[in-house]
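A structural walkthrough
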Amino acid sequence: MMKIAPSILSADFCNLKHDIVLVEKAGVEYLHVDIMDGHFVPNITFGPKVVADIRKNTSLVLDCHLMIDNPEAYIKDFAQAGGDILTIHVESTRHIYRAVQLIRDNNVKAGIVLNPGTPLTAIEPVLPLVDQVLIMTVNPGFGGQAFIPEMVEKVRKLKEIKDLNDYAFDIEVDGGISDKTIGKCYEAGANVFVGGSYIYDADTPEQRIQSLKDAVALTSK
Ligand SMILES: O=C(CO)[C@@H](O)[C@H](O)COP(=O)(O)O
Ligand SMILES: [Fe+2]
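Worth saying up front: this structure is predicted, and the values here are computed from it rather than measured.

With that out of the way, let us pick up the UniProt feature "binding site: a divalent metal cation" (unreviewed entry) in the chain. Within this structure's numbering, the places UniProt gives as "binding site: a divalent metal cation" (unreviewed entry) are His32, Asp34, His65 and Asp174. In summary, the annotated positions, though distributed over 143 residues, converge in three dimensions, the widest C-alpha pair being only 10.6 Å. Along the chain, histidine 65 falls in strand β3 (residues 61-67). By C-beta crowding, histidine 65 is classed as buried, having 28 other C-beta atoms within 10 Å. Apart from the residues within four sequence positions on either side, histidine 65 is in contact with His32, Val33, Asp34, Ile35, Thr87, Val113, Leu134 and Asp174. If you trace the backbone, aspartate 174 turns up in strand β7 (residues 170-174). The contact partners of aspartate 174, leaving out residues within four places of it in the chain, are His65, Leu134, Met136, Thr137 and Val194.

If you check the shell around ligand 1, you find 22 residues, and the closest are Ser7, Leu9, Gly143, Gly196 and Ser197. Among the secondary structure elements, those contributing two or more residues to the shell around ligand 1 are β2 (30-36), β8 (192-195) and α7 (197-200). Here the residues of the shell around ligand 1 sort into seven nonpolar, 13 polar and two charged.

Cut-off values and rules
- Residues numbered from 1 in each chain as written.
- Chains lettered and ligands numbered in written order.
- Predicted model: local features only at pLDDT ≥ 70, side-chain atom pairs only at ≥ 80, totals over all residues.
- UniProt positions renumbered as here; feature names shortened; annotations may be inferred.
- Helix = DSSP H or I, 4+ residues; strand = E, 2+ residues; numbered from the N terminus.
- Buried ≥ 20, exposed ≤ 12 C-beta atoms within 10 Å, placed from the backbone.
- Contact = placed C-beta atoms within 7 Å.
- Near = placed C-beta within 6 Å.
- Nonpolar A, V, L, I, M, F, W, Y, C, P; charged D, E, K, R; others polar.

Structure follows, in structure tokens:
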């Protein structure tokens, strides 16, 4: 099942509710929520309070992408704030297995994410435990960057590992997703697509969402 996850990093934070309702009405499944701490990545966004406020205003699945050091310290807070999926970077902790277990213990879905420079071998031991694997298709930290084409092969290899082992996780891609790049990712095996600037930097985000769906439908034929 393919899902579109608009990233509110590119929304207008003074009109956040408006920008969330807009994509919800356009028929997306997820809302992608980027948490940045200024340490793991060179940018800062917001913390659990904002996630809790978003939770009160939407029934979309809150897909929380934690770009923070020591994620273990904040998992409980983001789970209690109403995050549905907590996705942590394998590079952000020494104890990735323990951190994934902690997410599951908090009764939310567990995701794992890889920077473009990190090989798939780094996450193989936790693959049986996760609900989602996110392949970064840009370096994390900012919206509006160019898609890294080499990441398509990484998605393809991950899909092979998934099929070989009968794993059930979703494969998500994040960064530089547009009508030009989504088809390649879908064809390689991704089924959850984050869209930030492509969706929100447009006059009509609804049309951009539709064009992403159309591009996937064209690839499926
Ligand atoms: O995690 C991140 C950036 O670190 C993303 O979720 C961005 O929000 C994607 O933005 P676009 O590349 O789609 O503009
Ligand atoms: Fe993200």
